[in-house]
Amino acid sequence: MKKIMILGAGAGQIPFINICKKRGAYVIVISPRGKYPGIEAADRHYACDTRDKEQILEIARKENIDAVTTDQTDVSVPAAAYVAEQMGLRGIGYQKALQFTDKYAMYCAAKQTGIYVPEFAMACSLSEAEEAIHKTGLPAIIKPSNSSGSRGVYRINTIEALADCFKNSIRFSSTQSIIVEEFIEGREYIVDGFAMDGKYRNLDLGIKEYFQKEGSYISKMCMFSSADLIEDDVEKQVMDANRTLIKGMGLEFGITHGEYIYSQNRGKVYLVEVAARGGGVFLSSDLTPKASGIHTNELLLDYLLDGSVTDVDAWKLDRKVAAWRCFALKKGVIKHIKNVDRLKAVDGVDKVCLDGLKIGTYAEELSDDTTKYGPVLVSGDSRDSCYKILDEVENLLDIVTEEDGRTAAIIW
């Protein structure tokens, strides 16, 4: 029986765990203690910070594992790569993992490939951040050097606003540093793909929409079209940039998730960030397979556990579209939740994730990706068909919160 170690036990790791269990593998999860679904689903759990590479390596050697991986979160990628490297297992390499998780190393590596990146600088103190902003100009974006989930990402419009935002941003960075970068105005795109045996294939292209929360960038919807459906010239430029980046950074195998901005004024595609793992919100496990027909999680585990190599150039992609949609709530006690069963019955609705919402519980107000609710996953033959399904989702789902005698409905 093969032993695989999975870093993290949240919902994003459940697809990996389930695939491994179906294949008869013994699954060990590493995560802090808590009510994480992967702890129950796995064969064994070790309570440990998923960033603590030395402690994880000690556990891995004790268990004599055959493979190690993680998905849908950046923070565990370096530790997984480190353990694999130290034990001679299949992995992307520790230094390569840092290039795909540390924003400063990522931007430096991307520039070497010829991809456009915003003007940027690393800052470890408020004075360094102020100096960087004098170079990049206002508005500017600050973000932790190594975090995820939109935590600590702020748009800075005035130098007076920097101090509080800097303090909030740097606390999410384990390296105690942030990135200051010029603000690029434009539309954001996502490209997901798969590398194997030195080859690379784009699988889908996503478009993103945000909640209207001043100074923050919290996505509320992402819609992913099969790469074979893309005909728009700008979207083709984005996919070309992603292919150039991944091949230029030398990723030998694995799932990738890249985010870009197209500046119409400059006529250029700029990197936002790129990851050597599946995208969050069930992207690698559900949406990419729905849109492209390629089950990247299964292919990755085939390689990690058995060394099975697939020829990405030989793939024939499906031509579908899939999307996830989240919502926010006003803070308060949840008074009612209605029409969930009707929502699940809608043609094109594939998954409704409302497990954490119950009548009588307290809902937090939107602050970052961890305080939005959902998602609802949908799929169809086109973007138009998916938008129609999402309209029906919004019209059906009814959740009300109450705080100080005032009630509030869902914020879509």
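Everything discussed here concerns the structure shown above.
Residues numbered from 1 in each chain as written. Predicted model: local features only at pLDDT ≥ 70, side-chain atom pairs only at ≥ 80, totals over all residues. Heavy atoms only, no water.

Engineer: Whenever I open this one, the overall build of the chain confuses me. Can you help?
Structural biologist: Helix and strand counts for the chain stand at 13 helices and 20 strands. The C-alpha radius of gyration of the chain comes to 21 Å, within 12% of the 22 Å expected for a compact globule of 412 residues. Along the first, second and third principal axes, the C-alpha set of the chain runs to 60 × 55 × 45 Å. Looking at the chain alone, contacts between residues at least 24 apart form 67% of all its contacts between residues at least 6 apart. Accessible surface, the chain as shown: approximately 18200 Å² in total, 44% of it carbon and sulfur. (Helix = DSSP H or I, 4+ residues; strand = E, 2+ residues; numbered from the N terminus. Rg over C-alpha atoms; globule rule 2.2 N^0.38 Å. Contact = heavy atoms within 4.5 Å. Areas by Shrake-Rupley, 256 points an atom, 1.4 Å probe, with all protein chains shown as cover.)

Engineer: Looking at this structure, how should I read the layout of surface pockets?
Structural biologist: In this approach the atoms are scanned with a rolling probe the size of a water molecule, which exposes any empty space left behind. Within this model, the second largest pocket holds a volume of roughly 180 Å³. Taken together, Phe211, Gln212, Lys213, Lys220, Ala328, Leu329, Lys330, Glu365, Leu366, Ile411 and Trp412 make up the lining of the second largest pocket. Of the residues belonging to the lining of the second largest pocket, the class tally is six nonpolar, one polar and four charged. (1 Å grid on protein atoms, 1.4 Å probe; cavity = no way out; pocket = protein on both sides within 12 Å on 5 of 7 lines; lining within 4 Å. Points joined across faces, edges and corners; volume = space filled by probe spheres on them. Nonpolar A, V, L, I, M, F, W, Y, C, P; charged D, E, K, R; others polar.)

Engineer: Help me out: how do you make sense of the sheet that holds strand S19 (residues 398-403) in this one?
Structural biologist: Pairing between the strands of a sheet comes from backbone hydrogen bonds, and it takes one of two forms, parallel or antiparallel. Strand order in the open sheet formed by four strands is S17-S15-S19-S20, with antiparallel pairing between adjacent strands. At either margin of the open sheet sits one strand with a lone partner, and together these are strand S17 (362-363) and strand S20 (406-408). Across five bridges, the pairing between strand S15 (residues 332-338) and S19 is antiparallel. Opposite Val333, over in S19, you have Glu402 as the bridge partner. (Pairing = 2+ DSSP bridges.)

Engineer: Could you clarify how one ought to interpret the nonpolar core in this entry?
Structural biologist: Proteins that are soluble and globular tend to have nonpolar side chains buried together. One finds Ile4, Phe194, Leu271, Phe327 and Val378 to be the most contacted residues of the largest nonpolar core, which totals 86 residues. By residue number, the principal contributor to this core is helix H9 (residues 233-249), which donates seven residues. (Core = buried A, V, L, I, M, F, W, Y, C linked by side-chain atoms within 4.5 Å. Buried < 20%, exposed > 50% of the residue type's maximum accessible area, 1.4 Å probe, protein only.)

Engineer: Just to check I follow, could you spell out the pairing of S15 for this structure?
Structural biologist: Sheet faces and side chains relate simply in a regular strand, where the side chains alternate between the two faces. Two strands pair when backbone bridges link them, and S15 and S17 are joined in this way by two bridges, in the antiparallel orientation. Within S17, the position partnered with Gly332 by the bridge is Ala363.

Engineer: What's the story with the pairing of strand S18 (residues 373-380) in this structure? I'm lost.
Structural biologist: Counting buried residues in S18 gives seven out of eight residues, a clear majority hidden from the surface. Two elements, strand S14 (residues 321-327) and S18, share six bridges in a ladder whose sense is antiparallel. Residue pairing in the sheet places Trp324 in a bridge with Leu377 of S18. Here strand S16 (residues 349-352) runs beside S18; their pairing, made up of three bridges, is antiparallel. Following the sheet pairing, Val349 is matched in S18 by Val378.

Engineer: It is not clear to me how the side chain of Glu181 should be interpreted in this structure. Could you clarify?
Structural biologist: Along the polypeptide, Glu181 turns up in strand S8 (residues 178-182). There is a polar contact of 2.8 Å between the side chain of Glu181 and the side chain of Tyr107. The contacts of Glu181, once residues within four sequence positions are left out, are Tyr107, Pro118, Glu119, Phe120, Thr136, Ala140, Ile141 and Lys143. (Polar contact = N/O pair within 3.5 Å; in protein donor to acceptor, adjacent residues only side chain to side chain.)

Engineer: Would you mind showing me how to read the packing of helix H7 (residues 126-136) against helix H8 (residues 162-170) here?
Structural biologist: The packing of two helices is summarised by the inter-axis angle and the distance between the axes. Relative orientation of the contacting elements H7 and H8 amounts to 120°, with a least axis distance of 10 Å. As far as their axial angle goes, H8 and H7 are oblique. Crossing of H7 against H8: the hand is right-handed. Residues Leu126, Ala129, Glu130 and Ile133 of H7 touch H8, and the partners they reach there are Leu162, Ala163 and Phe166. (Axes fitted to C-alpha atoms, helices over the stretch in contact; angles between N-to-C directions. Parallel < 35°, antiparallel > 145°, perpendicular 65-115°, else oblique. Left-handed = near helix turned anticlockwise from the far one by under 90°.)

Engineer: Help me understand empty space enclosed by the protein, please; the structure alone is not making it clear to me.
Structural biologist: All told, the structure shown has one cavity of 30 Å³ or more when counted by the stated rule. Of the pockets and cavities examined, the largest cavity occupies roughly 220 Å³. Secondary-structure elements contributing two or more residues to the lining of the largest cavity are strand S4 (67-69), helix H4 (77-87), strand S12 (254-263) and helix H11 (296-306). The greatest single-element share of the lining of the largest cavity, amounting to three residues, is contributed by H4. Broken down by class, the residue content of the lining of the largest cavity amounts to ten nonpolar, five polar and three charged.

Engineer: How should I be thinking about helix H3 (residues 53-63) in this particular structure?
Structural biologist: Given 3.6 residues to a turn, an α-helix orients residues that are three or four positions apart in the same direction. Of all the positions in H3, only Ile56, Leu57, Ile59, Ala60 and Glu63 are classed as buried. One face of H3 carries all of its buried residues, which in axial projection span an arc of 165°. Facing away from the buried side of H3 by over 90 degrees, the exposed positions are Glu58 and Lys62. The elements touched by buried residues of H3 are strand S1 (3-7), strand S2 (26-31), strand S3 (44-47) and H4. Just past H3, the residue Asn64 takes up positive phi, approximately 55°. (Arc of directions from axis to C-beta.)

Engineer: Any chance you could explain the packing of aromatic side chains here in plain terms?
Structural biologist: Centre distance and the angle of the planes are the two values used to describe a pair of aromatic rings. Applying the stated rule across the entire model yields nine aromatic pairs. Their ring planes at 70° and their centres at 5.4 Å tell us that Tyr82 and Tyr94 sit as a pair that is edge-to-face. Here Tyr82 is found in helix H4, whereas its partner Tyr94 is found in helix H5 (residues 94-99), with twelve residues between them in sequence. Residue Tyr82 is classed as buried on the basis of its relative accessible area, which comes to 12%. (Phe/Tyr/Trp six-rings, centres within 6.5 Å; stacked < 30°, edge-to-face > 60°.)

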